[in-house]
Amino acid sequence: MTVPGVLPRAVGAVLGSAVGDALGAPFEFGPEGAFSARFPRPGHGGEMCGGGGWEPGEATDDTQMAVLTAESLLDHGGLDLPDVFRRFRRWAAADPKDIGLQTEAVLTSGDPWDTAAALHFQVNLRAAGNGALMRAAPSAVYFARDGREPTIYAARRLSALTHGDAAAWEGTAALHALIEVALAGRDPLTAVPAILTALRPDHRQRYSVVLSPDWHPDQATEFNGAVWPCLGSAVWALRTTTSYEEAVRAAIDLGGDADTVAAVTGALAGAVYGAGSIPARWTEPLHVPLPGFDGRVLRSQDLAELAERLVVPAERPASGPDTLTTP
Ligand SMILES: [Mg+2]
């Protein structure tokens, strides 16, 4: 296999996540194996089928929130948390087709950006959903060049906008770190032990279980709408397959929160295999409506351009893509 450069890997992460999301959406809350029952052989086409209220190729809240995050990072040249929260709120107020329960409760509470998620967690005591993990591909690309600690810090802060439980922050932190490794041209799977040591000690044990090489999604102790099995399933899908297409198929076949598990898997597999590994028959029908933002709809080319700007943002000191390529 030819090792892709940093730009194809960055585009692969962003586009790969969106494609996984759109491909998995019709199978959300479905049974195990539903995808391969309908599409038994890889590579045969027709998989971007729509259904369950989704058009063929239509991306869901996972990608919509990812795009909002990306555009805030680019417009502000970095992390502007009140701005990200404002964009999320504007989107939530426009009645998107789908929105996570926790995310909706936090964004419509009327509480300020820096306390809304914490207040929700205080009252509900459960906020370890995968709703921050699902939207992390663009921020993972953006902060990758800063290295492990800064990208983990950014992941925590962005997650905390909607999720008050530190479990959600640490899962997103782990995904940021895995993508940072992949964009540098290294194997994210071999980096898992080192990444675990960078997580908060009080959350490390649960992640070491779901990220261990012998963990299988059948061993999950929660529905995969929770952050731990969602991340664990994505890493499992990457570990047990050898291509973007196979990884995303395996993720959707797990059933449950299929769009989000596939979005996270697609981000990882896209970062590892590069944009060129994502089948064109999946990127062609892909589209991302942005409720609340003047009827805008992004296509694959728009996402690719967004990813390229994320990896080498013009307003940041230009060390150039060369410093990011595989040594
Ligand atoms: Mg979704």
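Presented here is an overview of the structure given in this document. Quick caveat: nothing in here was measured; it's all calculated off a predicted structure.

### Focus: the layout of surface pockets
The method is simple in principle: a probe with the dimensions of a water molecule rolls over the atoms, and the space it marks as empty is what remains.
Phase 1 of the analysis: One number sums up the size of the largest pocket: a volume of about 640 Å³.
Phase 2 of the analysis: If you go around the largest pocket, you meet 29 residues; those closest to its centre are Gln102, Gly129, Asn130, Gly225 and Ala226.
Phase 3 of the analysis: When residues of the lining of the largest pocket are traced back to their parent elements, those giving at least two are helix 3 (61-76), helix 5 (101-107) and helix 14 (258-273).
Phase 4 of the analysis: Examining the composition of the lining of the largest pocket, we find that three residues originate from one element, helix 5, more than from any other.

### Re the packing of helix 8 (residues 148-159) against helix 9 (residues 166-183)
Phase 1 of the analysis: The geometry of helix 8 relative to helix 9 is characterised by a closest axis approach of 8 Å and an angle of 140 degrees between their N-to-C directions. In this structure, helix 8 meets helix 9 at a crossing whose hand is right-handed. In this structure, helix 8 contributes Arg148, Thr151, Ile152, Ala155, Arg156 and Ser159 to the contact, and helix 9 contributes Ala168, Trp169, Glu170, Thr172, Ala173, His176, Ala177, Glu180 and Val181.
Phase 2 of the analysis: Across the contact of helix 8 with helix 9, the residue classes tally to seven nonpolar, four polar and four charged.

### Examining the coordination of the magnesium ion
Phase 1 of the analysis: Coordination of the magnesium ion by the protein involves Thr60 (OG1), Asp61 (OD), Asp62 (OD) and Asp259 (OD), with metal-donor separations of 2.1 to 2.4 Å.
Phase 2 of the analysis: Going along the chain, you hit the donors of the magnesium ion in the pattern T-D-D-x196-D. Here Asp61, found in helix 3, pairs with Asp259, found in helix 14; they are 198 residues apart in sequence, far enough to count as distant. Taken individually, Asp61 and Asp259 each receive the classification buried, so the pair is uniform in this respect.

### A word on the nonpolar core
Within soluble globular proteins, side chains that are nonpolar tend to cluster in buried spots.
Phase 1 of the analysis: Ranked by size, the top nonpolar core spans 108 residues in total, and within it Tyr207, Leu231 and Leu303 carry the most contacts.
Phase 2 of the analysis: Ignoring sequence-local partners within four residues, the contact set of Leu231 consists of Leu133, Gly171, Ala174, Leu175, Leu178, Tyr207, Leu211 and Val264.

### What about empty space enclosed by the protein?
Phase 1 of the analysis: Enumeration over the complete set of coordinates arrives at two cavities of 30 Å³ or more.
Phase 2 of the analysis: Residue lining of the largest cavity: Val14, Ser17, Ala18, Thr63, Ala66, Val67, Ala137, Pro138, Leu303 and Leu306, and that is the complete set.
Phase 3 of the analysis: If you list the elements that add at least two residues to the lining of the largest cavity, you get helix 1 (6-24), helix 3, helix 7 (137-144) and helix 16 (300-311).
Phase 4 of the analysis: Its residues placed into classes, the lining of the largest cavity shows eight nonpolar, two polar and no charged.
Phase 5 of the analysis: If you go around the second largest cavity, the residues you meet are Thr69, Ala132, Arg135, Ala136, Ser139, Ala155, Leu158, Ser159, Thr172 and His176.
Phase 6 of the analysis: A total of three residues in the lining of the second largest cavity trace back to one element, the largest contributor, which is helix 8.
Phase 7 of the analysis: Broken down by class, the residue content of the lining of the second largest cavity amounts to four nonpolar, five polar and one charged.

Criteria and cut-off values
- Residues numbered from 1 in each chain as written.
- Predicted model: local features only at pLDDT ≥ 70, side-chain atom pairs only at ≥ 80, totals over all residues.
- Heavy atoms only, no water.
- 1 Å grid on protein atoms, 1.4 Å probe; cavity = no way out; pocket = protein on both sides within 12 Å on 5 of 7 lines; lining within 4 Å.
- Points joined across faces, edges and corners; volume = space filled by probe spheres on them.
- Helix = DSSP H or I, 4+ residues; strand = E, 2+ residues; numbered from the N terminus.
- Axes fitted to C-alpha atoms, helices over the stretch in contact; angles between N-to-C directions.
- Left-handed = near helix turned anticlockwise from the far one by under 90°.
- Contact = heavy atoms within 4.5 Å.
- Nonpolar A, V, L, I, M, F, W, Y, C, P; charged D, E, K, R; others polar.
- Donors = N, O, S within 2.8 Å, 3.2 Å for Na, K, Ca; no water.
- Buried < 20%, exposed > 50% of the residue type's maximum accessible area, 1.4 Å probe, protein only.
- Core = buried A, V, L, I, M, F, W, Y, C linked by side-chain atoms within 4.5 Å.

In short, geometric facts, not functional conclusions.
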